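Examining the three-dimensional arrangement
Residues per chain, in single letters:
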Amino acid sequence: MAVWDDLVGQDRVTEQLAAAARDADAFVTAAAAGGSGAAESGGAASKMTHAWLFTGPPGSGRAAAARAFAAALQCVSPDRALGAGPGCGFCDGCHTTLIGTHADVEIVRTDLLSIGVKETRDLVRRAQLSPAVGRWQVIVLEDADRLTEGAGNVLLKAVEEPAPRTVWLLCAPSLEDVLPTIRSRCRSLTLRTPSAAAVADVLVRRDGIEPDLAAQVARATQGHIGRARRLATDERARTRREAVLKLPLRVADVGGCLKAAQELIDAAAEDAKQVAEEVDAKETEELRAALGAAAGTGGRLPRGTAGAMKELQDRQKRRATRTQRDSLDLALTELTGFYRDVLAIQLGSRVEIANADARDTLQRVASGSRPESTLRRIEAIGACRQALDRNVAPLLAVEAMTVALRAG
């Protein structure tokens, strides 16, 4: 299976990345042989460059494309000598990159609200190193949109003056989410939302999901690969989605609005708690052991190590906040999709209904309101998301949204 097989519905992007990987392979091969082809492959005609920016809507596969490209850059398949393109998916370079253990590929993803200056400086220092075992030094930054302004300025210098065999692969939802000075120095690739049929096909082929369920979750998530897989494999996620889709029927009065808002917040908090239970205890015990405290004894930490423990606790709190916001954002996305379907019914559109399993609820809401009200409700959900981005207290933001949904 070639590394490009994970890119669902991205034929144009796959073609560009495969061409760049071939040029990169020719450059390294010529350099190793000491031939003049190295300079030619790195010249103006080359499709390879030192910095790439992958953009596209959530679920389009930005990170998957970056990882696939990183694997192709490290490919050492002997078939390359026979004319095959790099990115076989089976050689040691491809395999270790895809599972995240390649010594020269750093994959950075954050479970916090932002990426700070300290973490970025560590990446920049690594980027100056020559490849240890691979063909390139590759830094994959999956959440480039979460760089703080200071971190972005630190990264800018490294992107402006890269090491000869270093490649930066940045991922963000849109060009506007990255500093103009950084994106102007990157080659941009825009991914599109894959079709529901393409997502359903990959769920059946790669994950063994039943075809009917795969088609249903692919429509429900409107082409978001990650969410579709989660809905297909997690019963709890399906139950939570069903509760969100019933919310429009529960805001008939102010009391119902406030109760529905509180339940959304509680569900998001429960998600954060589950992540904490799975990760926090393990992280804390590992740090205590590293600092010299006996495992499982709860004994006192050595003197001078309290700061490290406090730093871990602060990071865990920020991760809990990020998890809660992500859970809320997912609920708001599903709610937006619900009202999008309501609007399609009201306007008699022939667009496929995403939430076909909730058709009765959709028909009831559509018949009880006008398109103008539906548009105002969609705007209210958007306003709630903006308020959360501005750090408005989540409960206040969601309560304001549910009251607006009632008013229509």
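**Some points on the overall build of the protein**
From N to C terminus, the protein includes 16 helices and five strands. Here the protein has a C-alpha radius of gyration of 24 Å; the compact-globule value for 408 residues is 22 Å, and the two agree. Reported as C-alpha extents along the three principal axes, the dimensions of the protein are approximately 75 × 65 × 40 Å. Within the protein, buried positions represent 44% of all 408 residues.

**What about the environment of D5?**
Mapped onto the elements, D5 comes out in the segment before α1 (11-33). On the accessibility criterion, D5 (34% relative accessible area) is partly exposed. Between the C-alpha atom of D5 and that of A65, which follows or precedes it by 60 residues, the distance is 9.8 Å.

**Remarks on the environment of A70**
Here A70 shows up in helix α3 (residues 62-73). For the pair formed by A70 and A32, sequence separation is 38 residues and the distance between their alpha carbons is 20 Å. Beyond its immediate stretch of four places on either side in the chain, A70 contacts T97, V105, V138, V140 and L169.

**Quick word on the pattern of salt bridges**
Per the stated rule, a full pass over the model turns up 20 salt bridges. Across the pair R67 and E142 runs a salt bridge whose closest N-O atoms are separated by 2.7 Å. Placement of the pair is R67 in helix α3 and E142 in the loop between β3 (137-141) and α6 (149-160), with a sequence separation of 75 residues. When its relative accessible area of 23% is taken as the criterion, R67 is described as partly exposed. Using a relative accessible area of 11% as the deciding quantity, one classes E142 as buried. Between R126 and E106 there is a salt bridge whose closest N-O contact spans 2.8 Å.

**Concerning α1**
End to end, α1 covers 33 Å across 23 residues, agreeing with the expected 33 Å (1.5 Å per residue, within 8%). By the burial criterion, the buried members of α1 are V13, T14, L17, A18, A19, A20, A21, A24, D25, V28 and A30.

**Some words on the confidence of the model for the protein**
With 94% of its residues at a pLDDT of 70 or more, the protein has an overall mean of 87. Taken element by element, the protein is modelled with least confidence in helix α2 (residues 37-41), mean pLDDT 43, and with most confidence in strand β1 (residues 51-55), mean pLDDT 95. Here residues 36-44 is modelled with pLDDT under 50, and outside its nearest four sequence neighbours on either side it reaches nine contacts, counting other chains as well.

**Describing the nonpolar core**
Counting residues in hydrophobic clusters, the biggest one holds 34 residues, and the most contacted among them are W4, L17, W52, F54, F69 and L169. Elements represented by at least two residues in this core include exactly α1, β1, α3, β3 and β4 (166-172). If you tally residues by element for this core, the top one is α3, at eight residues. Contacts of L169, omitting those with residues within four sequence positions, involve W52, F54, A66, F69, A70, V138, I139, V140 and L141.

**Here we look at the environment of L247**
Along the chain, L247 turns up in the loop between α11 (235-245) and α12 (254-291). If near-sequence neighbours (up to four positions away) are discounted, L247 is found in contact with A260, L264, L335 and L405.

**Observations regarding a nonpolar patch on the surface**
Taken together, the side chains of V254, L258 and V403 define a hydrophobic patch exposed on the protein surface, amounting to about 210 Å² of accessible area. Inspection of the secondary structure puts V254 in helix α12.

**Brief notes about unusual backbone geometry**
Of note in the backbone geometry, Q222 takes a positive phi value of approximately 55° without being a glycine. Summarising the element assignment, Q222 is placed in the loop between α9 (211-220) and α10 (225-233). The class for Q222 is partly exposed, based on a relative accessible area of 38%. Although it is not a glycine, N391 adopts a positive phi angle of roughly 65°. On the secondary structure map, N391 appears in the loop between α15 (371-389) and α16 (394-407). Exposure remark for N391: the relative accessible area of 53% places this residue in the exposed category.

**Re the side chain of T323**
Turning to its location among the elements, T323 is positioned in helix α13 (residues 306-346). Leaving out residues up to four positions away in the same chain, T323 has contacts with D271, A272 and V275.

**What to know about the sheet that holds β3**
Read across the open sheet, the five strands follow the order β2-β3-β4-β1-β5; overall the sheet is parallel. Each edge of the open sheet is held by one strand with a lone partner, namely β2 (105-108) and β5 (187-190). Across the sheet, the mean angle separating the axes of adjacent strands is 15° when strand polarity is ignored. Here β1 runs beside β5; their pairing, made up of four bridges, is parallel. Residue F54 lies in a different strand from β5, and its bridge partner there is L189. α1 rests against β1 and β5 of the sheet, and its axis sits at about 150° to β5.

What counts as what
- Residues numbered from 1 in each chain as written.
- Predicted model: local features only at pLDDT ≥ 70, side-chain atom pairs only at ≥ 80, totals over all residues.
- Heavy atoms only, no water.
- Helix = DSSP H or I, 4+ residues; strand = E, 2+ residues; numbered from the N terminus.
- Rg over C-alpha atoms; globule rule 2.2 N^0.38 Å.
- Buried < 20%, exposed > 50% of the residue type's maximum accessible area, 1.4 Å probe, protein only.
- Contact = heavy atoms within 4.5 Å.
- Salt bridge = Lys/Arg side-chain N within 4 Å of Asp/Glu carboxyl O.
- Expected span 1.5 Å × (residues − 1).
- pLDDT = per-residue confidence, 0-100.
- Core = buried A, V, L, I, M, F, W, Y, C linked by side-chain atoms within 4.5 Å.
- Patch = residues over 30% accessible without salt bridge, like charges linked within 9 Å, V, L, I, M, F, W, Y side chains within 5 Å.
- Areas by Shrake-Rupley, 256 points an atom, 1.4 Å probe, with all protein chains shown as cover.
- Pairing = 2+ DSSP bridges.
- Axes fitted to C-alpha atoms, helices over the stretch in contact; angles between N-to-C directions.

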